[in-house]
Amino acid sequence: MSKYQIIAPALSSMPWQERPDEPSNSPLWRWNENPIIGRNPIKGVARIFNSAVMPYEGKYIGVFRGEQCDGVSFIYLGHSDDGIHWTFEPNKLQFVDEKGESFQPIYAYDPRLVKVEDTYYIIWCQDFWGAAIGMAKTQDFKTFTRVENPFLPFNRNAVLFPRKIHGNYVMLSRPSDSGHTPFGDIFISESPDLHFWGNHRHVMSRSSEWWESLKIGGGAAPIETSEGWLIFYHGVCNTCNGYVYSVGGAILDIDEPSRVKYRCANWLLTPEKWYEERGFVPNVVFPCATLQDPQTGRIAVYYGCADSYVGLAFGYVDEIIDYIKENSRTSYDDTCIGRR
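Residues numbered from 1 in each chain as written. Predicted model: local features only at pLDDT ≥ 70, side-chain atom pairs only at ≥ 80, totals over all residues. Heavy atoms only, no water.

Visitor: It is not clear to me how unusual backbone geometry should be interpreted in this structure. Could you clarify?
Guide: Note: most peptide bonds trans; most residues except glycine with negative phi. Residues N34 and P35 are joined by a peptide bond in cis, for which omega reads -5 degrees. Residue placement: P35 occurs in the loop between strand 1 (29-30) and strand 2 (45-56). Residue P153 is joined to F154 through a cis peptide bond whose omega torsion reads 15 degrees. As for its position among the elements, F154 is in the loop between strand 10 (144-147) and strand 11 (155-160). Of note in this structure, N40 is not a glycine but carries a positive phi near 55 degrees. Positionally, N40 belongs in the loop between strand 1 and strand 2. The phi torsion at D307 lies on the positive side, around 50 degrees, for a residue other than glycine. With respect to the helices and strands, the residue D307 is situated in the loop between strand 21 (298-305) and strand 22 (309-316). (Helix = DSSP H or I, 4+ residues; strand = E, 2+ residues; numbered from the N terminus.)

Take a look at the structure:
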């Protein structure tokens, strides 16, 4: 019986591997057959990475960042029986507007996939006269209807919470600039209808810890637990050889998620394996999705590797939350309500 309860539907099965018998500095461990998705998985696509996965009709479905051979990223749909071995639809996703007419973004990358009530939402980064957030909804993964851009540019790394809070949709995002942003904090916003957004509040800033000293940004959809909202986010530092992306963990207040209850001073994953250190953009681990089972307390984390591959890591909710709490280091900006 888990100490901390995961508030989510039980899964009949999910990808899983027990912890290997080797030293570890983290409550997460990697799938021993990573990467689960290699290069050139679709004709015309050079790399798939930074991708989101969910259970669907007894199997798994995912939205994947496909870096096309012309250098433009778009979103592709994937299917899997076990969450590990994937087949991809050959054509990029086609979006329509509310009238059913074609409404394609110029580019789309780093998608997240979140179910709220009976609808699935895809959130991604796109061009809106600058880097901005795109959003679409579907109930059958056949028709994808675009929702108007939630925010003005410049913004990235948006992810919805999997349920409404106080009757409103809630979304994390990372305001930035339109370049390869050398700064950024995580903010939270609310909406009654996905069209009008407000109550914007600050959640977390970068910290003095080396691995997140440059910027931070949202990752996988928050996981509701009895201790609060468990989030896996990315932290970035600058080195003499470029940026390094790591995975961090924090727990937000269940009713006021702009308040950070615990924030781990240590990374949970940092580039250490060849597929994380070597690739189109080296030294990147970038969390985009999780699967979790309340019956066993198991959590699987899908993450991008070096902008070239998809990796899979595992952990138990009790160990992850205890590790975050034991190594927590918060500031006033973390624990306050995020309003000035």
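Visitor: I keep staring at the sheet that holds strand 20 (residues 285-293) and nothing clicks. Help me out?
Guide: Either a parallel or an antiparallel arrangement is found when strands of a sheet pair, and the pairing is made through backbone hydrogen bonds. Taken together, the four strands give an open sheet; going across it, the order is 1-22-21-20, and neighbouring strands pair in antiparallel fashion. Of all strands in the sheet, those with a lone pairing partner are strand 1 and strand 20, marking the two edges. Against the sheet, helix 2 (residues 317-326) engages strand 1, strand 21 and strand 22, with an angle of about 85 degrees to strand 22. (Pairing = 2+ DSSP bridges. Contact = heavy atoms within 4.5 Å. Axes fitted to C-alpha atoms, helices over the stretch in contact; angles between N-to-C directions.)

Visitor: Please clarify how the packing of aromatic side chains should be interpreted in this entry.
Guide: Across all of its chains, the model carries 22 aromatic pairs by this definition. Ring centres 5.8 Å apart and planes at 70 degrees place the aromatic pair F128 and W129 in the edge-to-face group. For W129, a relative accessible area of 76% gives the class exposed. In textbook terms, an aromatic cluster arises when at least three aromatic residues are bridged by ring pairs, as seen for Y56, F95, Y120, W124, F141 and F144. A cation sits over an aromatic face here: R47 above F280, 3.8 Å from the ring centre. Positioned over the ring face of F103 is R146, at 3.8 Å from the centre of the ring. (Phe/Tyr/Trp six-rings, centres within 6.5 Å; stacked < 30°, edge-to-face > 60°. Buried < 20%, exposed > 50% of the residue type's maximum accessible area, 1.4 Å probe, protein only. Lys NZ or Arg CZ within 6 Å of the ring centre and 35° of its normal.)

Visitor: Looking at this model, I keep getting lost on the pattern of salt bridges. Mind explaining?
Guide: A side chain of one charge can pair with a side chain of the opposite charge when the charged atoms of the two come close. One pass over the full model with this rule turns up 19 salt bridges. Note that E18 is salt-bridged to R298, the shortest N-O span being 3.7 Å. In this pair, E18 sits in the segment before strand 1 while R298 sits in strand 21, placing the two residues 280 residues apart along the sequence. Using a relative accessible area of 44% as the deciding quantity, one classes E18 as partly exposed. For R298, a relative accessible area of 24% gives the class partly exposed. With a closest N to O distance of 3.7 Å, E98 and K137 form a salt bridge. Placement of the pair is E98 in the loop between strand 6 (95-96) and strand 7 (108-116) and K137 in strand 9 (residues 131-138), with a sequence separation of 39 residues. By relative accessible area, K137 is classed as partly exposed at 30%. If you follow the salt bridges from partner to partner, you end up with R47, R65, E67 and D110 in one network. (Salt bridge = Lys/Arg side-chain N within 4 Å of Asp/Glu carboxyl O.)

Visitor: Could you clarify how one ought to interpret the pairing of strand 8 (residues 119-127) in this entry?
Guide: Along any regular strand the residues' side chains alternate between the sheet's two faces. Among the nine residues in strand 8, eight count as buried, and that is most of the element. Where strand 7 lies against strand 8, seven bridges are found, and the strand directions are antiparallel. Directly across from Y109, in strand 8, lies its bridge partner C125. Between strand 7 and the antiparallel strand that follows it, strand 8, lie two residues; E117 among them carries a positive phi value of about 60 degrees. Linking strand 8 to strand 9, which pair antiparallel, is a turn of three residues; within it W129 sits at a positive phi near 55 degrees.

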